[in-house]
Amino acid sequence: MLLESWVAGRWRTPEDEGLPLRDATTGEEVARLSTTPVPAAEALAFARDTGGPALRALDFPQRAAILKALGLHLMERKEQLYEISFATGATRRDSAIDIDGGAGTVLSYASRGRRELPAGNVVVDGALERLGKGASFVGRHVLTPMRGAVLQVNAFNFPVWGMLEKLAPAFLAGVPSVVKPAPQTAYVTERCVRLIAESGLLPEGSLQLLLGDVDGLLDGLTGQDLLSFTGSAGTAARLRAHPAVVASSVRFTAEADSLNACVLGPDARPGTPEFELFVREVAREMTAKAGQKCTAIRRAFVPRGLADDVEESLREQLAKVVVGDPRDEATRMGALVSLEQRDAVRSAVGRLVEDGRLAVGDPDAGLPGLERGAFLPPLLIRVDDARARAPHAVEAFGPVATLLPYDGVAQLPDLLALGAGSLVASVVSADLDVVRDLVLGAAAHHGRILVLDSTSAKESTGHGSPLPVLVHGGPGRAGGGEELGGMRAVFHHMQRTAVQGSPDVLQAVTGVYTRGARREETEQHPFRLSMSELRIGDTVVTASRTVTREDVDHFAEFTGDTFYAHTDEAAAAENPLFGGIVAHGYLILSLAAGLFVDPAPGPVLANTGLDRLRFTKPVKPGDTIRAVLTCAAKTPRTPQQGEVRWDVQVLDREDAVVATYELLTMVSAQPRG
Ligand code: NAP
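Residues numbered from 1 in each chain as written. Predicted model: local features only at pLDDT ≥ 70, side-chain atom pairs only at ≥ 80, totals over all residues. Heavy atoms only, no water.

1. A word on the domain arrangement of the chain
Then, in step 1: Under the domain assignment, the chain is made up of domain 1 (23-121 + 143-254 + 488-495), domain 2 (260-466) and domain 3 (509-547 + 583-668).
Then, in step 2: Relative placement of domain 1 and domain 2: their C-alpha centres are 30 Å apart.
Then, in step 3: With 21 residues of domain 1 at the contact, the number on the domain 2 side is 24 residues.
Then, in step 4: Where domain 1 abuts domain 2, roughly 1800 Å² becomes buried across the two surfaces, and 58% of that area is made up of carbon and sulfur atoms.
Then, in step 5: A per-residue breakdown of the area domain 1 buries against domain 2 is headed by T25, F156 and N157, which together make up 29% of the total.
Then, in step 6: At the boundary of domain 1 and domain 2, one finds 1 salt bridge.
Then, in step 7: Ionic pairing is found between D23 and R327, a salt bridge with its closest N-O pair at 2.7 Å. (Domains from an automatic or database assignment. Contact = heavy atoms within 4.5 Å. Buried area = accessible area lost by both parts, 1.4 Å probe. Salt bridge = Lys/Arg side-chain N within 4 Å of Asp/Glu carboxyl O.)

2. Some points on the site of the ligand
Then, in step 1: Around the ligand sit 25 residues in total, of which N154, K180, S232, T235 and E395 are the nearest.
Then, in step 2: The separation between an oxygen atom of the ligand and a polar main-chain atom of F156 is 3.1 Å.
Then, in step 3: In the model, an oxygen atom of the ligand is placed 2.7 Å from a nitrogen or oxygen of the K180 side chain.
Then, in step 4: In the complex, 82% of the free accessible area of the ligand, which totals 910 Å², lies under the protein chains.
Then, in step 5: Contributing elements (two or more residues each) for the shell around the ligand: strand 10 (226-230) and helix 7 (233-240). (Near = heavy atom within 4 Å. Polar contact = N/O pair within 3.5 Å; in protein donor to acceptor, adjacent residues only side chain to side chain. Areas by Shrake-Rupley, 256 points an atom, 1.4 Å probe, with all protein chains shown as cover. Helix = DSSP H or I, 4+ residues; strand = E, 2+ residues; numbered from the N terminus.)

3. Things to note about the side chain of T660
Then, in step 1: Residue placement: T660 occurs in strand 26 (residues 657-668).
Then, in step 2: Overall, the relative accessible area of 15% leaves T660 in the buried class.
Then, in step 3: A polar side-chain atom of T660 sits 2.9 Å from a polar atom in the side chain of R515.
Then, in step 4: Not counting chain neighbours up to four residues away, the residues in contact with T660 comprise R515, R612, L613, R614, T616, V648 and Q649. (Buried < 20%, exposed > 50% of the residue type's maximum accessible area, 1.4 Å probe, protein only.)

4. Observations concerning the environment of G89
Then, in step 1: One can find G89 in the loop between helix 3 (78-85) and helix 4 (92-116).
Then, in step 2: As a C-alpha pair, G89 and A390 span 301 residues in sequence and 28 Å in three-dimensional space.
Then, in step 3: If we ignore the near neighbours within four places in the chain, the residues touching G89 are A24, D94, P326, G334 and A335.

5. Some remarks on empty space enclosed by the protein
Then, in step 1: Here the structure, examined in full by the defined rule, presents 5 cavities of 30 Å³ or more.
Then, in step 2: There is about 90 Å³ of room inside the largest cavity.
Then, in step 3: Around the largest cavity, the lining comprises 13 residues; the ones closest to its centre are T88, A90, N157, K289 and Q292.
Then, in step 4: Residues of the lining of the largest cavity, tallied by class, amount to 6 nonpolar, 5 polar and 2 charged.
Then, in step 5: Of the volumes computed, that of the second largest cavity is approximately 50 Å³. (1 Å grid on protein atoms, 1.4 Å probe; cavity = no way out; pocket = protein on both sides within 12 Å on 5 of 7 lines; lining within 4 Å. Points joined across faces, edges and corners; volume = space filled by probe spheres on them. Nonpolar A, V, L, I, M, F, W, Y, C, P; charged D, E, K, R; others polar.)

6. What to know about the layout of surface pockets
Then, in step 1: If you add up the space inside the largest pocket, you get close to 1400 Å³.
Then, in step 2: Together, 43 residues line the largest pocket, and V124, R140, V512, Y513 and R645 are the ones closest to its centre.
Then, in step 3: At the level of secondary structure, the elements contributing two or more residues to the lining of the largest pocket comprise helix 4, strand 5 (123-130), strand 6 (138-145), helix 14 (487-491), helix 15 (503-510), strand 24 (624-636), strand 25 (641-652) and strand 26.
Then, in step 4: Of the residues in the lining of the largest pocket, the class split is 22 nonpolar, 9 polar and 12 charged.
Then, in step 5: Residue assignment places the lining of the largest pocket across two domains, with domain 1 (23-121 + 143-254 + 488-495) and domain 3 (509-547 + 583-668) each supplying three or more.

7. A word on the sheet that holds strand 19 (residues 494-501)
Then, in step 1: The 3 strands lie next to each other as 5-6-19, forming an open sheet whose pairing is antiparallel. On the outer flanks of this sheet lie strand 5 and strand 19, each paired with one strand and no other. The average undirected angle you get between the axes of adjacent strands in this sheet is 20°.
Then, in step 2: As paired strands, strand 5 and strand 6 are joined by 5 bridges and run antiparallel to one another. Looking across to strand 6, one finds that V124 is bridged to V142. (Pairing = 2+ DSSP bridges. Axes fitted to C-alpha atoms, helices over the stretch in contact; angles between N-to-C directions.)

8. Overview of the pattern of salt bridges
Then, in step 1: One pass over the structure, following the stated rule, counts 38 salt bridges.
Then, in step 2: Its salt-bridge partner being R112, residue E116 comes within 2.5 Å of it at the nearest N-O pair. In this pair, E116 and R112 both sit in helix 4, 4 residues apart, roughly one turn of the helix.
Then, in step 3: With its nearest N and O atoms 2.6 Å apart, the salt bridge here joins R645 to E662. Separated by 17 residues along the polypeptide, R645 in strand 25 and E662 in strand 26 bring together distant segments of the chain.
Then, in step 4: For R645, a relative accessible area of 23% corresponds to the partly exposed category.
Then, in step 5: Residues participating in the shared-partner salt-bridge network are D308, E311, E312, R315, R357, R382 and D384.

9. Remarks on the side chain of D94
Then, in step 1: If you trace the backbone, D94 turns up in helix 4.
Then, in step 2: Buried and without a salt bridge, D94 has K289 as its closest oppositely charged side chain, separated by 6.1 Å.
Then, in step 3: Other than its neighbours up to four places away in sequence, D94 contacts G89, A288, K289 and A290. (Lys, Arg positive; Asp, Glu negative; His and termini not counted.)

10. A short note on the pairing of strand 3 (residues 19-22)
Then, in step 1: Bridge analysis of strand 3 against strand 4 (residues 29-33) gives 4 bridges, and the strand direction is antiparallel. By the bridge assignment for strand 4, R22 is matched with E29.
Then, in step 2: Between strand 3 and strand 4, which follow one another and run antiparallel, lie 6 residues, and G27 among them has a positive phi close to 80°.

11. Quick word on the packing of helix 3 against helix 6 (residues 186-199)
Then, in step 1: Relative orientation of the contacting elements helix 3 and helix 6 amounts to 165°, with a least axis distance of 10 Å. As far as their axial angle goes, helix 6 and helix 3 are roughly antiparallel. The chirality of how helix 3 crosses helix 6 is right-handed. Here Q80, L81, I84 and S85 of helix 3 come into contact with helix 6, specifically with Y187, V188, R191, C192 and L195. (Parallel < 35°, antiparallel > 145°, perpendicular 65-115°, else oblique. Left-handed = near helix turned anticlockwise from the far one by under 90°.)

12. Looking at unusual backbone geometry
Then, in step 1: A positive phi angle is found at A420, which is not glycine, with a value near 65°.
Then, in step 2: Unlike most non-glycine residues, R612 shows phi in positive territory, near 50°.
Then, in step 3: Tracing the sequence through the fold places R612 in strand 23 (residues 604-615).
Then, in step 4: By relative accessible area, which is 64% here, R612 ends up exposed.

So this is what it looks like as structure tokens:
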């Protein structure tokens, strides 16, 4: 019953008896949580000394593969988490958001990491900058993993997803995690960490768990550590100002609470699909996880003339919501996490009602037979003065939303901005002009905006779902963050450094071909080399070929591309760029391929595309061309094969570049046999 911390590879049993954590429905004790301060210094030291080096000994593809195995491992064992998650008051559907959502986020990072990150441990960021008049001094940005740990301080409402959405990008970046979950639901996080530890998949020290009192938790943070907070705006403000965070410029992110809005467009009158979508979306957001979602809709803006219709429709919709024991399959909405949380919500509702009236629900209604549970019905508040203060300032973190009538779409950006920065807003409208003005007018105050209409409704993931590939976070009150979601979350755990030097230096540091660096013409054609044999900089310089007028005529006739610049002498002579017949750009590409291709079967399996193609100088009949093909980057895709990116330059007789591009090929990982 007494929850244990997982520190330095050992489960630690606290010496005190701990305080009880209670089932949200029955009030029975489900676990005990220590009141002794957590061993933060030891965990951070182990993360830095053991976890970090172990992670950095792997490269991006290896870490992505481990994440994939971890996501599958958790998916296979999710029933164990579902079982204890009921005690938090969550229904099975609520738990899916947390548990499947968490494991799914790990799998999403695994797949993005495998597809988008290079081999090795260095990410090259942006283009090469020429810093001198010649080409001998250049600069480029690189990202490398921070050498500390990320300390997660998490909120109670997502005990699994909250940890995994941060663990996955940190792990991929090569940075160990130390997790401090919120007390109320810490037993679910502990079970999840046990599943992870039992898997043996993660290198030692890459994940640790701290359960107990937070006294001194942040004291040992250094400038190489990160602090990643999720919780209320008030706690975020306190942690941001912690002396250790301030003194060492600790990289700090906060995903805090916010008063998210949903807007009904003026076109969405009763009877339209959008009206229905709005009512369903607001009701769903109020009741999923009993409204304990940072992204839940708190402010529902509707045209004043439709406010009564919306109120009535929401009343009908919310009346269908069966509140009760989350273990009962008929239940649509379970309990709040604790009686204390219910008290906090009732008090917030009291402040909201001062500005208006309670339109739906009774905060004091009990649930017969479940008197010890933290139940509340859905509560809709109506505030007719859309500029009243409380709806834009008070977060009731439960099944609560406020209906606010507006008097014209021009008001809306200002009304939305009264929330002082939100994670998400949604607009339900089929009027593209309204949508465009509102999205652009409100974007600066929001991390994410969902537009919902009958076209996208079927596939829409909904207002309240942060997605692993999109920004999660928002300005101002929402925490000022945008670091979670997508590759930016991985890069957030890495330091961006500008490296200056010669092209040879940049190539050696980045492992990426750098124009101007020494190239090596290989004895064998590089198309005869497998991924394991090829080196960055391996080059072939082809023989030359003269482009004839017959070539151009033949290509025009053969392909049907008879554009006048290739076929009509008089018209081509008038062309200000060409002043005469020129070869097709695609002919140059084709001839270049004919020059550099090595035809016999070998490690090169396929040509998969071209990037950054530019035709830089016209080629006229009689001109001579040759190609220089250099291995620029190698990215493993599967154990059997990978992508090779070739830098290609097509030159004329004077060595002027006539075409430049990057050629992509799939190549076998190992030599044949
Ligand atoms: P909270 O009271 O702010 O607590 C969040 C975390 O901070 C807990 O783990 C808490 O642990 C810890 N904490 C508090 N004071 C601390 C201190 N001085 N030093 C170190 N740690 C400290 O929030 P909550 O009640 O758990 O969660 C609900 C809130 O989180 C809501 O406002 C919701 O909107 C927000 N939220 C935001 C997001 C998002 O992604 N933006 C997601 C989920 C929830 P102790 O209690 O042990 O101190």
